[in-house]
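Coordinate analysis (summary)
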Amino acid sequence: MALIEVRDIHKHFGAHMVFNNLALEVEEHQVVCLIGPSGCGKSTLLRCINGLDDIDGGEICISGDRVTGPGVDVNALRREVGIVFQSYNLFPHMTVLENVMLAPTRVLRQDRAEAEAGAMALLTRIGLEHKAKEYPDRLSGGQQQRVAIVRALAMGPRVMLLDEITSALDPELVAEVLNIVRDLAAEGMTLLLATHEMGFAREVASKICFLCDGVVLEEGPPAEIFGAPRQERTRAFLRRIIEAGRL
Amino acid sequence: MRLAIASLVVAGLVVAASWVTLVKLNEALTTLGQAGSVSTVLLLLVGLAALYLMLPAWRCLRTARGARAALAGGDLVEARVRTASARTLGWITFGYAAAQALLFLMVEFLIANDLAVSRTFFLLPLIESSFFLILRAFWINIYIFLISEVLVLIWGLVVALARLAPGPAGRPIRMIATFYVDVFRGLPAIINIYLIGFGIPLTGLPFVKDFSQQSFAILALTLTNGAYVAEVYRAGIESIHWSQTAAARSLGLSHMQTLRYVIIPQGVRQIIPPLLNNFIGLQKDTALVNVIGTIDAFNQSIIVASNHFNLSAVTTVAGLFILITIPQARLVDKMIARDRRRMRVGTS
């Protein structure tokens, strides 16, 4: 059984159809990359899996449990599923350490010492332990995004959703963030990421999904999608990426 | 050159007018029997200070002359520089002349009609004799203000949270909170105080009817200002970008936890200036409690005023209100400036 199962979901914003019978599976320890033209619903899909957005039909299951529709404890779901956003979304009125400790102390009810030890261990891992007492606006974009990743990891999620986490970064800061993702993948963390970093996707992904027109138009291992795409739309998309010098 | 002459003429006129006013003031003081060597020296000093206006006008004229000479000598650059500084000096003269004219007009107003204005509003002996009586009554205003402000801060937040209650279950709560805000924002504070202050005792409700007048005043002011402050809170909470809520909820925090730890702490920082503005308004509203007969500073001063047929005691109250407001107004300015600086840092 797959860890995440997206079964034939529908969603529309007014007349605009976002998902039209979209189906997707993510196995445990897999790294799945969502690619596709902007506006194709990559971010929306991640938000639906996390319960931040509703779907109009179909269902989403995480390790067999339905997490959409009525009667679902979204707060419990979110403990299992971490998400990192494009714009970091750190809490600006809290220090880095407080950002990381907030959910463990308030949601998991860890005592402060335990939560602080956990947070410091995570911050040490990403080399930002010396920034623990700083406020987010004193950090670079790359550092903020690394803290945001760690903040989600502090909840001990079974799967991480990464929503174009390097899109807002200056180019020279992208690597420090991708290195962390690479480490997570190597440790066997289940990852589902929406990304425009095609080179990175090709390197770490176990599976690439090309989203277009509300469905997963084509999926397969990176070598296949980047090397010999079957669908004309996929080929056109990749051609534009290559023209832009991004692959 | 024309500007220079004009500024000299204006300055001369204003100075002359100032002297006329000062002479009149001296006469008025003499009739009052207050004139003495001290007041004469003071008036002379003021008269000399008024002369200071001639200085920029005179320098303007000299610079303009210099400009002419330079032009005649063929030094175009020097002429242009001097013309520019002469013009600046001319406008400086006009600016100060206008301010000085206004100042002396005010003095004229005070001594007009045989000192009628000063006598009505600023009768020093009466101000002195009633000052401590008024000051003691002013404590009632401060007391009402302090208690209601604390209550307003709490009550306003409760109403704001009710207006933001989520989901279909929150709908009736939202509706009733909106209704409350609509009613009490529209209801003039003075009518509210009147209705509660006189109405509740008349109802004979057990327990509540025995509250003191001041408690009714506090209740009425809290209800009225609570509606305003609820809107201020709501604006602050809604000014926090949705992505903050998304981040907090995605970590598993509940709606209330998100508000408490993430949204409200940020929202409150945004609304400190408008909240302080509301404090000042509430402070002034405490003078309205006189309609239900509470002996606050205003009511006390009205009693003094009708006993002596003179409004000087009311002036004292006005002065006291202004006095406690100014530091707060400066504080608001400072906080707005600090906020702006911080935001600029944030965007860079």
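Residues numbered from 1 in each chain as written. Chains lettered and ligands numbered in written order. Predicted model: local features only at pLDDT ≥ 70, side-chain atom pairs only at ≥ 80, totals over all residues.

1. Let's talk about the overall build of chain A
Worth spelling out the cut-off: Under the DSSP-based scheme used, a helix requires at least four consecutive residues in state H or I and a strand at least two consecutive residues in state E, with every element numbered from the N terminus. Our radius of gyration looks at C-alpha atoms and nothing else; its globule reference is 2.2 Å times the residue count to the power 0.38. Each residue is classed by its C-beta neighbour count within 10 Å, where at least 20 other C-beta atoms makes it buried, 12 or fewer makes it exposed, and intermediate counts make it partly exposed; the C-beta atoms are placed from backbone geometry. It is the C-beta atoms, placed from the backbone, that decide contacts: two residues are in contact if theirs lie within 7 Å.
When helices and strands are tallied, chain A shows 9 helices and 10 strands. Against the compact-globule benchmark of 18 Å for 247 residues, chain A has a radius of gyration of 18 Å, which places it among compact chains. Principal-axis analysis of the C-alpha atoms gives chain A an extent of 55 × 45 × 35 Å. Among the 247 residues that make up chain A, the fraction classed as buried is 42%. Looking at chain A alone, contacts between residues at least 24 apart form 64% of all its contacts between residues at least 6 apart.

2. Observations regarding the sheet that holds strand β6 (residues 81-84) of chain A
Residue and element names in this part refer to chain A. Put simply, the rule is: Here, a strand pair is defined by DSSP locating no fewer than two bridges between the strands. Lines fitted to C-alpha atoms define the axes here, with helix axes fitted over just the stretch in contact, and angles between the N-to-C directions of these axes take values from 0 to 180 degrees.
Reading across the sheet, the 6 strands line up as β6-β7-β8-β3-β9-β10 and stay open at both edges, with mixed pairing between neighbours. Edge positions in the sheet fall to β6 and β10 (215-220), since each has one partner strand and no second. For this sheet, the mean angle separating the axes of adjacent strands, direction not counted, is 20 degrees. Here β6 runs beside strand β7 (residues 159-163); their pairing, made up of 4 bridges, is parallel. Its bridge partner being in β7, glycine 82 is matched across the sheet by methionine 160. On top of the sheet, helix α6 (residues 171-186) reaches β3 (31-35), β7 and β8 (190-194); it is set at about 145 degrees to β8, its chief contact.

3. Re the packing of helix α3 (residues 96-106) of chain A against helix α5 (residues 141-153) of chain A
Residue and element names in this part refer to chain A. Let me state the cut-off plainly: Every angle not falling under 35 degrees, over 145, or within 65 to 115 is termed oblique; those three ranges are roughly parallel, roughly antiparallel and roughly perpendicular. Here is the rule for handedness: rotate from the far helix to the near one, and if that takes an anticlockwise turn smaller than a right angle the crossing is left-handed, while a clockwise turn gives right-handed. Think of it as three bins: nonpolar holds Ala, Val, Leu, Ile, Met, Phe, Trp, Tyr, Cys and Pro, charged holds Asp, Glu, Lys and Arg, and polar takes everything else, Gly as well.
Between α3 and α5, the least distance of the axes is 8 Å, while the angle of their chain directions is 25 degrees. One way to sum up the angle between α3 and α5 is to call them roughly parallel. Where α3 crosses over α5, the two elements pack in a sense that is right-handed. Taken together, the residues of α5 that come into contact with α3 (itself represented by Val96, Asn99 and Val100) are Val147, Val150 and Arg151. Per-class residue counts for the contact of α3 with α5 are 4 nonpolar, 1 polar and 1 charged.

4. Details of the interface of chain B and chain A
Interfaces are often described in size by the accessible area the parts lose on coming together. Tallying the contact residues gives 16 residues for chain B and 18 residues for chain A. Elements that contribute at least two residues to the side of chain B that touches chain A include exactly α9 (242-250) and α10 (255-285) of chain B. It is α9(B) that contributes the most residues to the side of chain B that touches chain A, 6 residues altogether. Taken together, the residues that form the side of chain B that touches chain A break down as 7 nonpolar, 8 polar and 1 charged.

5. Section: α9(B)
Within α9(B), burial applies to B:Ala247, B:Ala248, B:Arg249 and B:Ser250. Against the buried residues of α9(B) lie α2 (74-80) and β6 of chain A together with α10 of chain B. Positive backbone phi, approximately 100 degrees, marks B:Gly252, located one or two places after α9(B).

6. Thoughts on the nonpolar core
Put simply, the test is: Think of a nonpolar core as buried Ala, Val, Leu, Ile, Met, Phe, Trp, Tyr and Cys residues, each tied to the set through C-beta atoms within 7 Å.
Core analysis: the biggest nonpolar cluster contains 121 residues, and A:Cys33, A:Val84, A:Val100, A:Leu161, A:Leu192 and B:Ala217 have the highest contact counts within it. The element that contributes the greatest number of residues to this core is helix α8 (residues 213-238) of chain B, accounting for 13 residues. B:Ala57, B:Cys60, B:Ala67 and B:Ala86 belong to the second largest nonpolar core, which has 14 residues in total.

7. Points about the sheet that holds strand β1 (residues 4-13) of chain A
Strand pairing in a sheet relies on backbone hydrogen bonds, with the paired strands running either antiparallel or parallel. Residues and elements named next belong to chain A. Here 4 strands make up an open sheet; going across it, the order is β2-β1-β4-β5 and the pairing antiparallel. Whereas interior strands pair on both sides, the edge strands pair on one side only; in this sheet they are β2 (16-26) and β5 (65-66). Across 2 bridges, strand β4 (residues 57-62) lies against β5 in antiparallel orientation. Bridging across to β5, isoleucine 62 finds its partner in aspartate 65. Those strands touched by helix α1 (residues 42-49) are β1, β2 and β4, and its axis lies near 120 degrees from that of β1.

8. Notes on helix α4 (residues 76-121) of chain B
Residues and elements named next belong to chain B. Condition: Each helix should span, by expectation, one fewer than its residue count multiplied by 1.5 Å. Note on bend: the value at a residue is the angle between axes fitted to the seven residues ending there and to the seven starting there.
End to end, α4 covers just 59 Å across 46 residues, shorter than the expected 68 Å (1.5 Å per residue, more than 12% under). Of all the bends in α4, the greatest, near 120 degrees, is centred on aspartate 114. Where α4 is concerned, the buried positions are Arg82, Ala86, Leu89, Gly90, Thr93, Ala97 and Phe104. For α4, the elements touching its buried residues are α1 (2-32) and α3 (54-72).

9. Looking at the pairing of β3(A)
Residue and element names in this part refer to chain A. The element β3 is largely enclosed, with a buried count of 5 among its 5 residues. Of the two faces of β3, the one carrying Val31, Cys33 and Ile35 and the one carrying Val32 and Leu34 are both buried. Pairing analysis gives 4 bridges linking β3 to β8, with the strands arranged parallel. Opposite leucine 34, over in β8, you have alanine 194 as the bridge partner. Note that β3 and strand β9 (residues 207-212) share 4 bridges and pair parallel. Counterpart to leucine 34 in the pairing with β9 is cysteine 209.

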